[in-house]
Amino acid sequence: MQSGIDTPKRYIYLNTYAFLLLLAAISIGCLPLYKLGTWYVVAQVVVAFLLLSYAMKIFKQFQAKKRRYHKLIEINQQELVPESFEEYMQAPCGRLLVRVVLDDINHPEAYPALKKLKAPLKQRIKMACVPKKTVIYVAKPPEK
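Residues numbered from 1 in each chain as written. Predicted model: local features only at pLDDT ≥ 70, side-chain atom pairs only at ≥ 80, totals over all residues. Heavy atoms only, no water.

Caption draft 1: Here's a closer look at helix H5 (residues 92-104). Taking 1.5 Å of rise per residue, the 13 residues of H5 would be expected to cover 18 Å, and the 19 Å separating its terminal C-alpha atoms lies within 8% of that figure. For H5, a buried count of ten out of 13 residues is recorded, marking the element as mostly surrounded by other parts of the structure. Restricting attention to buried positions, one finds in H5 the residues Cys 93, Gly 94, Arg 95, Leu 96, Leu 97, Val 98, Val 100, Val 101, Leu 102 and Asp 104. Packed against the buried residues of H5 are helix H1 (8-14), helix H2 (16-30), helix H3 (38-60), helix H4 (62-76), helix H6 (111-114) and helix H7 (121-129). Directly beyond the C-terminal end of H5, a positive phi value near 60 degrees is found at Asn 106. (Helix = DSSP H or I, 4+ residues; strand = E, 2+ residues; numbered from the N terminus. Expected span 1.5 Å × (residues − 1). Buried < 20%, exposed > 50% of the residue type's maximum accessible area, 1.4 Å probe, protein only. Contact = heavy atoms within 4.5 Å.)

Take a look at the structure:
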């Protein structure tokens, strides 16, 4: 591994979309729409709030990204397993994580081949609209 995931450079890179959403929220919030009317201000506040909330969601997921990073490194350290990247290729933030992992296991040339695992936009939208089943595994406490 080159430098791991706990560096400021990697944090900024993996949260690029969050920073873009934050910048968009601030930009929209600074527009002088009060001159046009009250309803424009209401729409402005709603849009800025939505963008800000999505940015915060991405920022809060960094711990999960670190776990996924270590999982992908562990799986692909010895031999590249393309199927392990399929889930991550479906979202922009996941694709950034895949690039970081590939760089750290010295296989950056594999990214174009992995890009073929990305589902078409229509299919990704359809998958996003279907509720997902959540399974929680609880570890047994150690016996005394």
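Caption draft 2: A nonpolar patch on the surface, seen in detail. On the surface, a nonpolar cluster with roughly 550 Å² of combined accessible area is contributed by Trp 39, Val 42, Val 46, Leu 50 and Tyr 54. Tracing the backbone through its elements, the reader meets Leu 50 in helix H3. (Patch = residues over 30% accessible without salt bridge, like charges linked within 9 Å, V, L, I, M, F, W, Y side chains within 5 Å. Areas by Shrake-Rupley, 256 points an atom, 1.4 Å probe, with all protein chains shown as cover. Salt bridge = Lys/Arg side-chain N within 4 Å of Asp/Glu carboxyl O.)

Caption draft 3: Structural context of the side chain of Asn 15. Secondary-structure assignment places Asn 15 in the loop between H1 and H2. Contacts of Asn 15, omitting those with residues within four sequence positions, involve Ile 58, Phe 59, Phe 62 and Lys 65.

Caption draft 4: Expanded view of the nonpolar core. With 19 residues, the main nonpolar core has Leu 14, Tyr 69, Phe 85, Leu 97, Val 98, Val 101 and Leu 102 as its most contacted residues. Elements with a minimum of two residues in this core: H4, H5 and H6. The dominant element in this core, judged by the number of residues it contributes, is H5, at six residues. Core analysis: the second largest hydrophobic core is formed by five residues, Ala 18, Ala 55, Ile 58 and Phe 59 among them. (Core = buried A, V, L, I, M, F, W, Y, C linked by side-chain atoms within 4.5 Å.)

Caption draft 5: Spatial organisation of the side chain of Arg 124. Its place among the elements puts Arg 124 in helix H7. Despite its burial, Arg 124 remains without a salt bridge, the nearest opposite charge being carried by Glu 86 at 11 Å. Excluding residues that lie within four positions of it along the chain, Arg 124 makes contacts with Gln 90, Arg 95, Lys 118 and Ala 119. (Lys, Arg positive; Asp, Glu negative; His and termini not counted.)

Caption draft 6: Geometry of the packing of aromatic side chains. A complete count under the given rule lists three aromatic pairs for this structure. Measuring from ring centre to ring centre gives 5.0 Å for Phe 19 and Phe 59, while their planes differ by 75 degrees; the resulting arrangement is edge-to-face. With a gap of 40 residues between them, Phe 19 in helix H2 and Phe 59 in helix H3 connect regions that are remote in the sequence. On the accessibility criterion, Phe 19 (33% relative accessible area) is partly exposed. Members of the aromatic cluster, joined through ring pairs, are Tyr 11, Phe 19, Phe 59 and Phe 62. In this arrangement the basic side chain of Arg 99 is found over the ring face of Tyr 111, its NZ or CZ atom lying 4.0 Å from the centre. (Phe/Tyr/Trp six-rings, centres within 6.5 Å; stacked < 30°, edge-to-face > 60°. Lys NZ or Arg CZ within 6 Å of the ring centre and 35° of its normal.)

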